[in-house]
Amino acid sequence: MNDRNIIVRRLTRRFGSFTAVDDLSFEVGRGEVFGFLGANGAGKTTAIRMLCGLLRPTSGEAEVAGYDVARKPEQVKRRIGYMSQRFSLYADLTVNENLQLFGTIYGVRRRALRERIDEMYRKLAMSDLRDQLVGDLPPGWKQKIALSAAMLHRPEVLFLDEPTGGVDPLERRRFWELILDAAGEGMTVLVTTHYLDEALYCHRTLIMADGEMKALDHPRSLMEAHGARDMDELFGRLTRGGTEEKTVAATPSADEENERKEENV
């Protein structure tokens, strides 16, 4: 059995003359937590959307859970969980109604779904929110619910795009405990984050700037190799100059703006 749940070979995505992801290559194993670091406009979200089968690559290839993302995107979607930056739950439904709905969409059987929802309530300490309307909750709680919905069907690969945005530091730790538990059970997790300290939870971290890979290794190995005292210093050394220039040129988030124009997903 292939132990690599994500295989990426020279993956590229262009929007006209703008290259959002440029010649990206890496592999991620089963049970691995793999981090993507990069400033806004670095290409992280575009890369994830290609790997989820939501955005067709311009060139290169990628396999997720054993399926080619360009040729068999529907097969890929059945085997992954995806939590996007944009809040995707239903504001006019309660927390429990949202989780029931998403579990049903994913095809989880009734008894198993009830058990998994109860497990999520317990692990994320949100049992008191069952009957609360999602639209009335603060951003941090909404993120908890979105994470729960993405994991209900126990996907082979879980994609998390800025999952802890708007979450306080103590709750971020609880998020990561859940993510690491899932990886310990064999789930592959690919996560993007703006919080550089969160990279230390990852088995390996890929640092991107200008759509390109600048470094890939265990975070502490990268810090040692580059003589950096912490992740902030490492990130600055690897991305200084190129990222800031590209972000200004692409403002506002040109890769995401072009995705919305070119893809109706």
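Throughout what follows, the structure given in this document is the object of discussion. (Residues numbered from 1 in each chain as written. Predicted model: local features only at pLDDT ≥ 70, side-chain atom pairs only at ≥ 80, totals over all residues. Heavy atoms only, no water.)

## Let's talk about a nonpolar patch on the surface
Selection criterion: Surface patches are drawn from residues lacking salt bridges whose relative accessible area is over 30%; two like charges belong together within 9 Å, two nonpolar side chains (Val, Leu, Ile, Met, Phe, Trp, Tyr) within 5 Å. Here the accessible surface of atoms and residues is derived via Shrake-Rupley with a 1.4 Å probe, and residues count as covered only by protein chains that are part of the display. Whenever a carboxyl oxygen of Asp or Glu lies within 4 Å of a side-chain nitrogen of Lys or Arg, that contact is scored as a salt bridge. Helix and strand labels come from DSSP, where a helix needs a run of H or I of at least four residues and a strand needs a run of E of at least two; each type is numbered from the N terminus. Whether a residue is buried, partly exposed or exposed follows from its accessible area with a 1.4 Å probe, protein chains only, as a fraction of its type maximum: under 20%, in between, or over 50%, in that order.
A contiguous nonpolar patch, built from Tyr90, Leu101 and Ile105 and spanning about 280 Å² of accessible area, is present on the exposed surface. Relative to the elements of secondary structure, Ile105 occurs in helix 3 (residues 95–105). Residue class for Ile105 comes out exposed when judged on its relative accessible area of 58%.

## Some remarks on the layout of surface pockets
Inclusion rule: For each structure, a 1 Å grid was placed over the protein atoms alone; sets of points admitting a 1.4 Å probe that cannot get out are labelled cavities, open sets with protein on both sides within 12 Å along at least five of seven lines are labelled pockets, and lining residues have an atom within 4 Å of a point. Grid points are joined across faces, edges and corners, and a volume is the space filled by probe spheres set on the points.
In this structure, the second largest pocket spans a volume of roughly 210 Å³. If you go around the second largest pocket, you meet 13 residues; those closest to its centre are Met151, Arg154, Ala182, Glu185 and Met187. Elements with a contribution of two residues or more to the lining of the second largest pocket: helix 4 (110–123) and helix 6 (169–184). With four residues, the top contributor of residues to the lining of the second largest pocket is helix 4.

## With respect to the pattern of salt bridges
Following the criterion strictly, the structure yields 18 salt bridges and no others. With its nearest N and O atoms 2.8 Å apart, the salt bridge here joins Glu27 to Arg4. In this pair, Glu27 sits in strand 2 (residues 18–29) while Arg4 sits in strand 1 (residues 4–15), placing the two residues 23 residues apart along the sequence. What makes Glu27 partly exposed here is its relative accessible area of 23%. Using a relative accessible area of 32% as the deciding quantity, one classes Arg4 as partly exposed. The shortest N-O distance in the salt bridge between Arg71 and Asp68 comes to 3.7 Å. By relative accessible area, Asp68 is classed as buried at 13%. Sharing partners across several salt bridges, the network here consists of Arg4, Arg9 and Glu27.

## Quick look at the side chain of Glu32
Short version of the rule: Each polar contact in these results corresponds to two N or O atoms within 3.5 Å; when the atoms are within protein, one needs to be able to donate a hydrogen and the other to accept it, and residues that are neighboring in sequence are counted only if both atoms are side-chain atoms.
Within the fold, Glu32 resides in the loop between strand 2 and strand 3 (33–37). Side-chain polar atoms of Glu32 contact the backbone nitrogen of Gly29, separated by 2.9 Å.

## What about the packing of aromatic side chains?
How we decide: When the centres of two rings from Phe, Tyr and Trp lie within 6.5 Å, Trp using its six-membered ring, the rings pair. Their planes under 30 degrees apart give stacked, over 60 give edge-to-face, and anything left gives tilted.
According to the stated counting rule, one finds five aromatic pairs in the structure shown. Ring geometry for Tyr90 and Phe102: centres 6.4 Å apart, planes at 45°, overall tilted. Within this pair, whereas Tyr90 is found in the loop between strand 6 (80–83) and helix 3, its partner Phe102 is found in helix 3, the two being separated by twelve residues in sequence. On the accessibility criterion, Phe102 (15% relative accessible area) is buried. One aromatic cluster is present, built from ring pairs that chain together Phe26, Phe34 and Phe36.

## Quick word on the packing of helix 3 against helix 5 (residues 139–151)
Spelled out, the test is: Fitted lines through C-alpha atoms give the axes, limited to the stretch in contact for helices. The angle between two N-to-C directions lies from 0 to 180 degrees. Working definition: roughly parallel below 35 degrees, roughly antiparallel above 145 degrees, roughly perpendicular at 65 to 115 degrees, and oblique for all remaining angles. With the far helix as reference, a near helix turned anticlockwise by less than a right angle produces a left-handed crossing, and one turned clockwise produces a right-handed crossing. Residues are treated as being in contact if the distance between any of their heavy atoms lies within 4.5 Å. Residues are grouped as follows: Ala, Val, Leu, Ile, Met, Phe, Trp, Tyr, Cys and Pro are nonpolar; Asp, Glu, Lys and Arg are charged; every other residue, Gly included, is polar.
Following both chains from N to C, one finds helix 3 and helix 5 inclined at 25°, their axes separated by 9 Å at the closest point. When the axis of helix 3 is compared with that of helix 5, the two are roughly parallel. The chirality of how helix 3 crosses helix 5 is right-handed. For the pair helix 3 and helix 5, the contacting residues are Val95, Leu99 and Phe102 in the first and Ile145, Ser148 and Ala149 in the second. Here the residues of the contact of helix 3 with helix 5 sort into five nonpolar, one polar and no charged.

## Comments concerning helix 8 (residues 231–239)
Judged by how many residues are buried, helix 8 sits mostly within the fold: seven of nine residues are covered. All buried positions along helix 8 are accounted for by Met231, Glu233, Leu234, Phe235, Gly236, Leu238 and Thr239. Between the side-chain oxygen of the N-cap and the backbone nitrogen of Asp232 there are 3.3 Å, and the N-cap of helix 8 in question is Asp230.

## With respect to the sheet that holds strand 1
Note the following rule: Any two strands are treated as partners once DSSP identifies two or more bridges connecting them.
Strand order across the open sheet formed by four strands is 2-1-4-5, with antiparallel pairing between neighbours. Each of the sheet's edge strands pairs with one partner strand only, and the pair in question is strand 2 and strand 5 (67–68). Strands in contact with helix 1 (residues 44–51) are strand 1, strand 2 and strand 4 (59–64); relative to strand 1, the strand with the most contacts, it is inclined by about 120°.

## A short note on the pairing of strand 7 (residues 157–161)
How we decide: For crossovers, right-handed means that the path from the first strand over the helix to the second runs clockwise, given strands pointing away from the viewer.
With respect to burial, strand 7 is a largely interior element, five of its five residues being buried. Neither face of strand 7 is left uncovered, since the one carrying Val157, Phe159 and Asp161 and the one carrying Leu158 and Leu160 both have all their residues buried. Relative to strand 7, strand 6 is paired through four bridges, and the arrangement is parallel. Paired with Ile80 across the strands is Val157, a residue of strand 7. In this structure, strand 7 lies alongside strand 8 (residues 188–193), joined through five bridges in parallel fashion. Bridge pairing in strand 8 links Val157 to Thr188. Viewed along the sheet, the connection from strand 7 through helix 6 into strand 8 turns out right-handed.

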